[in-house]
Amino acid sequence: QVKLVESGGGLVQAGGSLRLSCAASGLTFSDYNMAWFRQAPGKDREFVSRISWSGGITYYADSVKGRFTISRDNAKNTVYLQMNSLKPEDTAVYYCAAKIRLGATYDYWGQGTQVTVSS
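Now for a quick tour of the structure. Given the structure is predicted, the values throughout are model-derived calculations rather than measurements.

## Focus on the pattern of salt bridges
Move 1: The tally for this structure, following the rule as stated, stands at five salt bridges.
Move 2: Ionic pairing is found between aspartate 90 and arginine 38, a salt bridge with its closest N-O pair at 2.9 Å. One end of the pair, aspartate 90, is in the loop between strand 8 (78-83) and strand 9 (92-100); the other, arginine 38, is in strand 4 (residues 32-39), with 52 residues separating them in the sequence. Assigned by exposure class, aspartate 90 and arginine 38 land together as buried.
Move 3: The shortest N-O distance in the salt bridge between arginine 67 and aspartate 90 comes to 2.7 Å. Remark: aspartate 90 occurs in the loop between strand 8 and strand 9 and arginine 67 occurs in the loop between strand 6 (58-60) and strand 7 (68-73); sequence separation between them is 23 residues.
Move 4: Using a relative accessible area of 10% as the deciding quantity, one classes arginine 67 as buried.
Move 5: Here aspartate 90 falls in the buried class, since its relative accessible area comes to 0%.
Move 6: Overlapping salt bridges bring together Arg38, Glu46, Arg67 and Asp90 as one network.

Calculation criteria
Residues numbered from 1 in each chain as written. Predicted model: local features only at pLDDT ≥ 70, side-chain atom pairs only at ≥ 80, totals over all residues. Heavy atoms only, no water. Salt bridge = Lys/Arg side-chain N within 4 Å of Asp/Glu carboxyl O. Helix = DSSP H or I, 4+ residues; strand = E, 2+ residues; numbered from the N terminus. Buried < 20%, exposed > 50% of the residue type's maximum accessible area, 1.4 Å probe, protein only.

Next up, the structure:
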């Protein structure tokens, strides 16, 4: 059974930092591209960042570019999202997702972790 478990969310003041983690189990982690999405109350889920199976290629939404950094440790089956200079508009539930290397859609999703940024 595949499981993705996010952690590291919480309440932080604007300008602060958080580091999210997503631990994967039940799959060959290095076969999967990983991503972070987020969903704010009343809004659609949106893409935040993704990283290739090897960690060599990363992409970011314009809204987080320069502030967030995605990384992965294949030995620990974990993907991270370092979030700096947080803004109130970053408040959302953050989800990690896994997509097999040549897949078109994300196959697995975590349960989410809440990030709240106060002004």
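After that view of the structure, there is still more to cover.
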